[in-house]
Amino acid sequence: MPEHTAASRLRLSALCFLLQILTIILFAVFVRYSPESSPGLCSQNCSWRSQDSGFQHPRFRDVHLQALLGFGLLVAFLGRYGPGSVAISILVVAFAIQWDVLIQGFLYFFLNGKIYVGAQSMVSADFCAAAILISTGAVLGRVNPIQMLLLTLLGVTLFALNEYILLSLMGVSDSGGSLTVYTFGAYFGLMVSRILHQPHTDKRKEQQDTGHQPDVFAVVGTLYLWIFWPSFTSATTVRDNAEPWAVLNTYFSLAASTLATFVLSPVLYEESTLRMVQIQDATLASAAMMGMAGEMLVTPFGALIAGFLAGLIPPLGFRFLTPILCSRLKTQDTCGVHNVHGLPGILGALLGTLLAALATADAYGGRLELVFPLVAQGSRTATDQALCQLCALPITLLLATLGGCLTGAILKMKGLRSPPDTQYLENRVLWEVAEEGCDHRASRKEPGTSTLV
């Protein structure tokens, strides 16, 4: 329907113009560069969001590459919808980093009526963009670009609120984002997907596994994960000359999770060869598992155990849990974010809670001040810290589900929702889609195993 596509492009153009003008005005009024002589501009409980005068550009570069290339390539597996999905990812990142700089700036870096931004602000924005990209994976292919932009607008705001409650008000240690990035992003997106569920779509052809898309994107995406994910996890933890525990723990976890895939996938599926996307899922799950615990004293063998357990979650989840969620709860999870991000994020939060309860000054030495500053200062005991870490989980789930319900209800409004008979054309708004190549027998994966975000 050319008329529908043309109208959608015009509405998208108008919305992008309005949002960009709004952010330009807000930047002009509030945003300034952080003076090099004033590294500490946020409050005392700003946690790791404080501006770091010694921050190095390579750390920002690695995080930014991971957010753009790592997450962007992970949605390219969607056959005939792949290029448009990558375009949507870039659109989401481009707007999310601008909006997050403003929202987090008001929460963390607001001083004398101005927001002072630096390199650490951009790292924070990339972390936020990663969470929103995880959320979009649950609804990818079933919402139009206008809805995706509005999801980003609301998602960034809720992400910043959840993070502020956890890191600043509660003093939770979650530098790698098991809760703030992976758990929040997954369940926020899943709840939006549930609210947007339309019964008649079950009778139509599924969109995610059409075409003959090769595994090259999964190969490149997996390599990017292996190269840059340790930097992503440790971007906010490496200080001074401290040993980069988060880097080491993430590497060990990645290695063990990959082996777990080779152990379990051949048993669960009848495919003769292991798919690269299954290795990619395990890599993502291990990073989510190490998000909170990465900078803690996991020990090398503990990181291997955690990574191995994380690697078992995606194949088991896609084999047994996804069909239940789809049939009973009517949750259409396009990219499998529940198995790849949600469940590993929850387990990572529980692992971080256990390690917080076991934290002692003898074991951590001077690092205790960096990981658990309130415990090192005597403001709370290790047990109290562990309780705060544990309470952060239901708070995150509550904000994600309630925020997802609200966002889904807004996106479902008549003026924003696409007609059911034209929904499959939404990808044309951002990318030209070929008409041929829709052969489900050539699908790369078994039904119910769609993943990658």
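S.K.: Explain the overall build of the chain here, please?
M.R.: The number of helices and strands found in the chain is 15 helices and three strands. Out of the 453 residues in the chain, the part that is buried amounts to 56%. Within the chain, residue pairs in contact and separated by at least 24 positions form 85% of the contacts whose partners lie at least 6 positions apart. Accessible surface, the chain: about 18400 Å² in total, of which carbon and sulfur atoms supply 67%.

S.K.: What is the right way to read the nonpolar core from this model?
M.R.: Nonpolar side chains in soluble globular proteins generally cluster together in the buried interior. Formed by 100 residues in total, the largest nonpolar core has its most connected members in Val181, Tyr182, Tyr364 and Phe372. Here this core gets twelve residues from one element, more than from any other, and that element is helix 3 (residues 82-108). When near neighbours in sequence (up to four residues on either side) are disregarded, Val181 contacts Phe127, Ala130, Ala131, Ile134 and Phe159.

S.K.: Teacher, can you tell me more about helix 7 (residues 216-234) here?
M.R.: Since there are 3.6 residues in each turn of an α-helix, residues three or four apart along the chain are aligned in direction. With 19 residues, helix 7 ought to run about 27 Å at 1.5 Å a step, and its terminal C-alpha atoms sit 28 Å apart, in line with that. Roughly 50 degrees is the biggest bend found in helix 7, and it falls at Phe228, with proline Pro230 one to four residues downstream.

S.K.: What am I meant to see in the packing of helix 6 (residues 178-195) against helix 9 (residues 276-293) here?
M.R.: For any two helices packed against each other, one specifies the crossing angle of their axes together with the interaxial distance. Interhelical geometry of helix 6 versus helix 9 gives an angle of 145 degrees and a closest axis separation of 8 Å. Of the residues in helix 9, those touching helix 6 at Ser178, Leu179 and Tyr182 are Ala287, Ala288, Met289, Met290, Gly291 and Met292. Class assignment of the residues belonging to the contact of helix 6 with helix 9 gives a composition of seven nonpolar, two polar and no charged.

S.K.: Any chance you could explain the packing of helix 10 (residues 300-327) against helix 11 (residues 337-357) here in plain terms?
M.R.: In contact at an axis separation of 9 Å, helix 10 and helix 11 are set at 130 degrees when each is read in the N-to-C sense. Judged by the inter-axis angle, helix 10 sits oblique to helix 11. Crossing hand, helix 10 versus helix 11: right-handed. Two secondary-structure elements touch here, helix 10 through Ala306, Ile313, Pro314, Gly317, Phe318, Leu321, Thr322 and Leu325 and helix 11 through His338, Asn339, Val340, Leu343, Pro344, Leu347 and Leu351. When the residues that make up the contact of helix 10 with helix 11 are grouped by side-chain class, the tally is eleven nonpolar, four polar and no charged.

S.K.: Would you take a moment to explain the pairing of strand 3 (residues 114-117) for this structure?
M.R.: Strand direction decides the pairing type here: strand 1 (residues 31-33) and strand 3, joined by three bridges, are parallel. Looking at the pairing, Arg32 lines up with Tyr116 of strand 3. Here strand 2 (residues 110-111) hands over to strand 3 after two residues, with Asn112 in that stretch at a positive phi of 55 degrees.

S.K.: Quick question: what am I supposed to make of unusual backbone geometry here?
M.R.: Only a minority of non-glycine residues have a phi that is not negative, and only a minority of peptide bonds are not trans. Not every positive phi belongs to a glycine, and Asn112 is a case in point at roughly 55 degrees. If you trace the backbone, Asn112 turns up in the loop between strand 2 and strand 3. On the accessibility criterion, Asn112 (68% relative accessible area) is exposed. You will see that Thr299, though not glycine, has its phi angle at about 75 degrees, which is positive. In this structure, Thr299 sits in the loop between helix 9 and helix 10. Given a relative accessible area of 26%, Thr299 falls into the partly exposed group.

S.K.: What is the right way to look at the sheet that holds strand 2 in this model?
M.R.: The strands that make up a sheet pair up through hydrogen bonds in the backbone, lying either parallel or antiparallel. In spatial order, the strands read 1-3-2; together these three strands make up an open sheet with mixed pairing. If you trace the sheet from one side to the other, it starts and ends with strand 1 and strand 2, each paired once.

S.K.: I keep staring at a nonpolar patch on the surface and nothing clicks. Help me out?
M.R.: A cluster of nonpolar side chains, Phe17, Leu18, Ile21, Ile24, Ile25 and Val29, forms an exposed patch at the surface whose accessible area comes to about 570 Å². Along the chain, the position of Phe17 falls in helix 1 (residues 2-30).

S.K.: Would you explain the packing of aromatic side chains in this entry?
M.R.: For any pair of aromatic rings, the description rests on two quantities: the centre-to-centre distance and the angle between the ring planes. Under the defined criterion, the tally for this structure stands at ten aromatic pairs. Plain terms: the ring middles of Phe30 and Phe110 are 6.4 Å apart, the flat faces sit at 55 degrees to each other, and that makes the pair tilted. Note that Phe30 is positioned in helix 1 and Phe110 in strand 2, a separation of 80 residues in sequence. Using a relative accessible area of 22% as the deciding quantity, one classes Phe30 as partly exposed. What makes Phe110 partly exposed here is its relative accessible area of 36%. Note on Phe159 and Phe184: the rings are 6.2 Å apart at their centroids and 65 degrees apart in plane angle, and the pair reads as edge-to-face. Taken together, the residues span a long stretch of sequence, with Phe159 in helix 5 (residues 145-169) and Phe184 in helix 6 at a distance of 25 residues.

S.K.: Looking at this structure, how should I read the confidence of the model for the chain?
M.R.: The predicted coordinates ought not to be read in detail in places where the model reports low pLDDT. When pLDDT is averaged across the chain, the result is 80; 76% of the residues are at 70 or more. Low pLDDT, under 50, characterises residues 43-54; the stretch is placed with 39 contacts to residues that sit more than four places away or in other chains. Taken as a whole, residues 421-426 scores under 50 in pLDDT and shows 16 contacts with residues more than four places along the chain or in a different chain.

S.K.: Help me understand the side chain of Ser253 in this model?
M.R.: Following the sequence through the fold, Ser253 ends up in helix 8 (residues 245-268). A relative accessible area of 0% means that Ser253 is categorised as buried. The contacts of Ser253, once residues within four sequence positions are left out, are Ser286, Met290, Ala303 and Gly307.

S.K.: What should I look at first to understand the environment of Leu69 in this one?
M.R.: Tracing the backbone through its elements, the reader meets Leu69 in helix 2 (residues 57-74). Accessibility expressed as a relative area gives 30% for Leu69, which makes it partly exposed.

S.K.: Sorry if this is basic, but what is going on with the environment of Thr222 here?
M.R.: As for its placement among the helices and strands, Thr222 is situated in helix 7. Through-space distance from the C-alpha of Thr222 to that of Gln278 is 9.9 Å; in sequence the pair is 56 residues apart. Among all residues touching Thr222, those that are not within four sequence positions of it are Met276, Ile279, Gln280 and Thr283.

S.K.: Sorry if this is basic, but what is going on with the state of the cysteines here?
M.R.: By definition, a disulfide links the sulfur atoms of two cysteine residues through a covalent bond. All told, the structure shown has zero disulfides when counted by the stated rule. A disulfide-free cysteine, Cys388 has its sulfur positioned 6.6 Å from the sulfur of Cys391, the nearest such atom. For Cys388, a relative accessible area of 18% translates into the label buried.

Procedures and definitions
Residues numbered from 1 in each chain as written. Predicted model: local features only at pLDDT ≥ 70, side-chain atom pairs only at ≥ 80, totals over all residues. Heavy atoms only, no water. Helix = DSSP H or I, 4+ residues; strand = E, 2+ residues; numbered from the N terminus. Buried < 20%, exposed > 50% of the residue type's maximum accessible area, 1.4 Å probe, protein only. Contact = heavy atoms within 4.5 Å. Areas by Shrake-Rupley, 256 points an atom, 1.4 Å probe, with all protein chains shown as cover. Core = buried A, V, L, I, M, F, W, Y, C linked by side-chain atoms within 4.5 Å. Expected span 1.5 Å × (residues − 1). Bend = angle between axes of the 7 residues up to and from the residue. Axes fitted to C-alpha atoms, helices over the stretch in contact; angles between N-to-C directions. Nonpolar A, V, L, I, M, F, W, Y, C, P; charged D, E, K, R; others polar. Parallel < 35°, antiparallel > 145°, perpendicular 65-115°, else oblique. Left-handed = near helix turned anticlockwise from the far one by under 90°. Pairing = 2+ DSSP bridges. Patch = residues over 30% accessible without salt bridge, like charges linked within 9 Å, V, L, I, M, F, W, Y side chains within 5 Å. Salt bridge = Lys/Arg side-chain N within 4 Å of Asp/Glu carboxyl O. Phe/Tyr/Trp six-rings, centres within 6.5 Å; stacked < 30°, edge-to-face > 60°. pLDDT = per-residue confidence, 0-100. Disulfide = S-S within 2.5 Å.

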